[in-house]
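One-letter residues, chain by chain:
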Amino acid sequence: MIDLLLGLQWGDEGKGKIVDVLTKKYDIIARFQGGPNAGHTLEFDGHKHVLHTIPSGIFHDSAVNLVGNGVVIDPVVFKKELEKLTPYKLNISHRLLISRKAHVILPTHRLLDQASEAAKGSAKIGSTLKGIGPTYMDKTGRNGIRIGDIEAPDWKEKYRALRDKHLQMIENYKVAIDFDLDPLEQEFFDAVETLKSLQFIDSEHYLEQQQRLGKRILAEGAQGSLLDIDFGTYPYVTSSNTTAAGACTGLGIAPNRIQKVIGIFKAYTTRVGSGPFPTELFDENGITLGRVGNEFGATTGRARRCGWLDLVALKYAITVNGVTELNMMKADVLSGFPSIEVCTHYRYKGELIDHLPFDIDSKYVEPVYETLKGWNADLTGLNSLDQLPHELNDYIHYLETALEVPITIVSVGPDRSQTLFRNS
Ligand code: IMP
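Conventions used here
As a convention, each chain's residues are numbered from 1 in the sequence order in which they are written. Local features in this predicted model are restricted to residues of pLDDT 70 or higher, and side-chain atom pairs are both shown and tallied only at a pLDDT of 80 or more, whereas totals for entire chains, interfaces and linings draw on every residue. As a rule here, side-chain values come from all non-hydrogen atoms in the structure, and water together with hydrogens is ignored. Where helices and strands are cited, they refer to DSSP runs of H or I of at least four residues and of E of at least two residues respectively, numbered from the N terminus. Our radius of gyration is a C-alpha quantity, and the globule rule it is checked against amounts to 2.2 Å times the number of residues to the power 0.38. Here, Shrake-Rupley sampling with a 1.4 Å probe gives the accessible areas, and only protein chains in the shown set may cover a residue. Within this scheme the basic residues Lys and Arg register as positive and the acidic residues Asp and Glu register as negative, but His and the chain ends are omitted. By convention, the charge on Lys lies at NZ, on Arg at CZ, on Asp at CG and on Glu at CD. One side-chain nitrogen of Lys or Arg within 4 Å of one carboxyl oxygen of Asp or Glu is enough to make a salt bridge. Exposed residues in this analysis have more than 50% of their type's maximum accessible area, buried residues have under 20%, and partly exposed residues fall in between, with area computed by a 1.4 Å probe over protein chains only. Only centres within 6.5 Å qualify two rings of Phe, Tyr or Trp (six-membered ring in Trp) as a pair; their planes then separate them into stacked at under 30 degrees, edge-to-face at over 60, and tilted for everything else.

Draft legend 1. Structural view of the overall build of the protein chain. When you go through the protein chain residue by residue, the secondary structure sums to 11 helices and 20 strands. Its C-alpha atoms give the protein chain a radius of gyration of 21 Å, within 12% of the compact-globule value 22 Å for 424 residues. Across its three principal axes, the protein chain shows a C-alpha extent of roughly 65 × 50 × 40 Å. Here the protein chain displays about 18100 Å² of accessible surface, and carbon together with sulfur accounts for 50% of that area. For the protein chain, the distance from the average position of its 46 positive side-chain charges to the average position of its 54 negative side-chain charges is 3 Å.

Shown next as structure tokens:
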């Protein structure tokens, strides 16, 4: 049995928190795409943890955590993540598995990301500069180095050939970037040795065996559906399939094995980096959402752009993913607004539409809102659904009706304990 959990907006929906909360129901947590561009935040017992590549079930002794073939791994970042976990004595060696088919981010992939963004000038994507795009380019270009390759004695020859090609490409960019490769390589090779102490596996076979044994698997997505390479706001997207189909290719699981598709969304919308965002707020309300929601990137620290909930985009993401249940995050952040706007339609080239058109740039799209009543109560200490203000209940019911999918979790704060379960 396999369930999927993925983000329905532009990332940062709170996937890490929910995976951590749900892990007790599963035997295996498997990340299926993305890489250290992700920042999955978990909070419990007064500590805040940010994971980039390691799946968010790692803090539960009972769960195996798998980094799937669809993920791109930077050994340097991975090593730092492992070091941060050391004080917690998590017995990781048996519970953290890496697919041999996952691709490796080289130091020169990061440099290429930097050179590419610098050359784009004002048209830059706003990449996290973690080398994600160049690594996926080498994967599809059939030049990449995979985790399984680093087990071979001659892998450094392969490394050097790819590095030299990258250095040539960096020279060809019109904008020069400054770098000193020696220390970067030293750090990289050192981290590769650390990585080698973990178990590399043929993960598609492993997952098949585990399914035969009746194990329960949760596939963990990264980024969000609107950053998907095919269905997101291209070219302002990441370089992988963040949607449900990405779980099949990123883990080697068949679509007919998937049961629940859990879609996570914030009660409002945020976006980090460039690209269109129809409901973005440039007024006091946007500033308040950013401040109360502490909307700063977990990986880069950049301020996130904030706006009202966009039902047109959300419905699109629900359809593309086949979402069977919804989890609404950060409901507490909306407390204190006298009224709340929800975008139900777009005015697109003069016409009223309720589907996502080819281009949602503000040149073409103007959001059309419905106004709902706000509430003024601190939700962060609530532990029962009965205590929710009736206006928030109205908001939840309104969304369930509009989206035609039940909301099974309402999150009212970053901590594990601030999670309300609904049986819709
Ligand atoms: P890249 O994947 O680092 O190249 O970034 C491409 C775009 O996706 C940029 O706009 C990033 O800000 C955005 N992005 C990448 N990863 C995340 C994430 O985990 N959360 C939110 N935005 C992300």
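Draft legend 2. Quick look at the pattern of salt bridges. In this structure the tally under the stated criterion is 23 salt bridges. A salt bridge links Glu185 to Arg163; the nearest nitrogen and oxygen atoms lie 3.0 Å apart. Of this pair, Glu185 sits in helix 6 (residues 181-195) while Arg163 sits in helix 5 (residues 155-172); the two residues are 22 residues apart in sequence, bridging distant segments of the chain. Taking relative accessible area as the criterion, Arg163 reaches 16% and is therefore assigned buried. Among the ionic pairs, Glu295 bridges to Arg304, the shortest N-O distance being 2.7 Å. Taking relative accessible area as the criterion, Glu295 reaches 1% and is therefore assigned buried. Judged by its relative accessible area of 12%, Arg304 falls in the buried class. The structure contains a network of salt bridges with shared partners spanning Asp12, Lys266, Glu295, Arg304 and Lys330.

Draft legend 3. Layout of the packing of aromatic side chains. Under the criterion given, the structure shown has 12 aromatic pairs. Aromatic pair Phe59 and Tyr88: ring centres 6.0 Å apart, planes at 85°, arrangement edge-to-face. In this pair, Phe59 is assigned in the loop between strand 4 (47-51) and strand 5 (64-67) and Tyr88 in the loop between helix 2 (75-85) and strand 7 (96-99), connecting sequence segments 29 residues apart. For Phe59, a relative accessible area of 12% corresponds to the buried category. Aromatic side chains Tyr159 and Phe188 sit 5.5 Å apart centroid to centroid with 25° between the ring planes, which places their arrangement in the stacked category. Taken together, the positions of Tyr159 in helix 5 and Phe188 in helix 6 put the pair 29 residues apart, joining distant regions of the chain. With relative accessibility at 1%, the residue Tyr159 sits in the buried group. Overall, the relative accessible area of 0% leaves Phe188 in the buried class.

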